Amino acid sequence: MKTLIIGTGNVGKTLAQKFQENNHQVKIYNASGEIPEGFTKNHFATNLQAVVGETKLIVLAVPFEAVQSIFSGITIQPETIVIDATNPIASDMKSMSVGNTSSGAEKISEWLPNAQIVKAFNTTGWENMADSSYQNGKLTMPYAGNDKKSKQAVARIIESFGFQPFDTGDLFMARFLEPMAMVWIYQGRINSNNPNFGFSILER
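As a convention, each chain's residues are numbered from 1 in the sequence order in which they are written. Local features in this predicted model are restricted to residues whose pLDDT is 70 or higher, and side-chain atom pairs enter the listing and the counts only when it is 80 or higher, whereas totals over whole chains, interfaces and linings include all residues. Here the side-chain values reflect all heavy atoms present in the structure, with hydrogen atoms and water set aside.

Student: How do you make sense of the overall build of the chain when you look at a structure like this?
Tutor: Only DSSP runs of H or I covering at least 4 residues are called helices, and only runs of E covering at least 2 are called strands; the numbering of each starts at the N terminus. A tally of helices and strands in the chain yields seven helices and nine strands. The globule rule used for comparison is 2.2 Å times the number of residues to the exponent 0.38, while the radius of gyration itself is calculated over C-alpha atoms. Taking 204 residues into account, the globule formula puts the C-alpha radius of gyration at 17 Å, and the chain, at 16 Å, falls close to it. For the chain, the proportion of its 204 residues judged to be buried stands at 49%. Within the chain, contacts between residues separated by at least 24 positions form 66% of all contacts whose residues are at least 6 apart in sequence. Here the accessible surface of atoms and residues is derived via Shrake-Rupley with a 1.4 Å probe, and residues count as covered only by protein chains that are part of the display. Carbon and sulfur atoms make up 48% of the accessible area of the chain, which totals about 10,300 Å². Considering the chain, the positive charge centre built from 17 side chains and the negative charge centre built from 18 side chains are found 3 Å apart. Using a 1.4 Å probe on the protein chains alone, a residue whose accessible area is under 20% of its type maximum counts as buried, one over 50% counts as exposed, and one in between counts as partly exposed. The contact criterion used throughout is that any non-hydrogen atoms of two residues lie within 4.5 Å. When charges are counted, Lys and Arg contribute as positive and Asp and Glu as negative, whereas His and the chain ends are disregarded. To locate a charge, the coordinates of NZ of Lys, CZ of Arg, CG of Asp or CD of Glu are taken.

Student: Even after reading the chapter, I still don't get helix H6 (residues 148-160), so can you show me in this structure?
Tutor: Think of an α-helix as 3.6 residues a turn; residues three or four steps apart then line up on the same face. Given the number of residues in a helix, its expected span is that number minus one, multiplied by 1.5 Å. Between its first and last C-alpha atoms H6 spans 18 Å; for 13 residues at 1.5 Å apiece the expected length is 18 Å, and the two agree. For H6, the full list of buried residues reads Ser-150, Lys-151, Ala-153, Val-154, Ala-155, Ile-157 and Ile-158. Directly after H6, the chain includes Gly-162, whose backbone phi takes a positive value near 95°.

Student: It is not clear to me how the environment of Gly-33 should be interpreted in this structure. Could you clarify?
Tutor: Following the sequence through the fold, Gly-33 ends up in the loop between strand E2 (25-29) and helix H2 (48-53). Along the sequence, Gly-33 and Phe-19 sit 14 residues apart, while their C-alpha atoms lie 20 Å from each other.

Student: Is there a simple way to think about the layout of surface pockets in this case?
Tutor: One water molecule sets the probe size; rolling that probe over the atoms shows where empty space is left. Buriedness for pockets is judged along seven lines, at least five of which must meet protein on both sides within 12 Å for an open set on the 1 Å grid over protein atoms alone, while cavities are sets there where a 1.4 Å probe fits but cannot get out, and lining residues have an atom within 4 Å of a point. Grid points are joined across faces, edges and corners, and a volume is the space filled by probe spheres set on the points. As a volume, the largest pocket reaches approximately 540 Å³. If you list the elements that add at least two residues to the lining of the largest pocket, you get helix H1 (10-21), helix H5 (126-130) and helix H7 (174-191). It is H7 that provides the largest number of residues to the lining of the largest pocket, a total of four residues. The nonpolar class holds Ala, Val, Leu, Ile, Met, Phe, Trp, Tyr, Cys and Pro. Asp, Glu, Lys and Arg form the charged class, and all remaining residues, Gly among them, are polar. Classifying every residue of the lining of the largest pocket by side-chain character gives 15 nonpolar, eight polar and two charged. In this structure, the second largest pocket spans a volume of roughly 190 Å³. What lines the second largest pocket is Met-1, Lys-56, Glu-79, Ile-81, Asp-147, Lys-149, Ser-150, Ala-153 and Arg-156. When residues in the lining of the second largest pocket are grouped by element, the largest group, four residues, is from H6.

Student: What's the story with empty space enclosed by the protein in this structure? I'm lost.
Tutor: One pass over the full model with this rule turns up one cavity of 30 Å³ or more. Each pocket or cavity is described by its volume, and for the largest cavity that value is around 60 Å³. Contributing to the lining of the largest cavity are Thr-123, Thr-124, Leu-139, Thr-140, Met-141, Pro-142, Phe-163, Trp-184, Gly-198 and Phe-199. Considering every element that reaches the lining of the largest cavity, the biggest residue donor is strand E8 (residues 140-145), with three residues. The residue inventory of the lining of the largest cavity, partitioned by class, reads six nonpolar, four polar and no charged.

Student: Looking at this model, I keep getting lost on the sheet that holds strand E3 (residues 57-60). Mind explaining?
Tutor: Whenever strands of a sheet pair, they do so through backbone hydrogen bonds, lying parallel or antiparallel. Reading across from one edge, E2-E1-E3-E4-E5-E8-E9 is the order of the seven strands in this open sheet, with mixed pairing throughout. A strand with exactly one partner marks an edge of an open sheet, and here the two such strands are E2 and strand E9 (164-167). Taken over all neighbouring pairs, the strand axes of this sheet differ in orientation by 25° on average, direction set aside. Two strands are counted as paired when DSSP detects at least two bridges linking them. Both E8 and E9 contribute to a ladder of four bridges, which runs parallel. In the strand pairing of E9, Pro-142 is matched with Phe-166. Against the sheet, helix H4 (residues 104-111) engages E3, strand E4 (81-84) and strand E5 (116-119), with an angle of about 165° to E5. For helices, the axis comes from a line fit to the C-alpha atoms of the stretch in contact; other axes are also lines fit to C-alpha atoms, and the angle between any two N-to-C directions lies between 0 and 180 degrees.

Here it is in structure tokens:
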């Protein structure tokens, strides 16, 4: 599948590598034009509209605030799946810039009305995306979206990356998945600075 990764920070670069490992035809894009290590100019989308026009899967791995401007004037083809891995975290790192009655994912669905938005890959760090294996079992990757077919496609991707996919419901559930990310971010980046942990759901 042709896949476009928007953003080449740690999350974007790691997801791009995972998609390549799973035989996706990967293109990457960032505003600076910088080519990340492990990729070539052939991977880079110089004409964003042209690449978006022929892409069926887009992954958002940029700061939430950048999404609207990146897609200004860009037309997304109907039925395109957009995986939203962003989190609308305020600059104080203690609150959300969008929340309670909406979510970042729902805002993005307003900005990109043709797309099928699926919230995923926002509740853990890039280290776990690179290697999700733990001795005690699989890490859970929750996801949410309004379109059943799109969610099924994303669930298969989640599983191929080594996670246990967990369907939390329609896109409004992103209102709760985005604050959930703060639990991981605070522990993994701010408090203990130890990224070697993740969330898992046990069933019986």
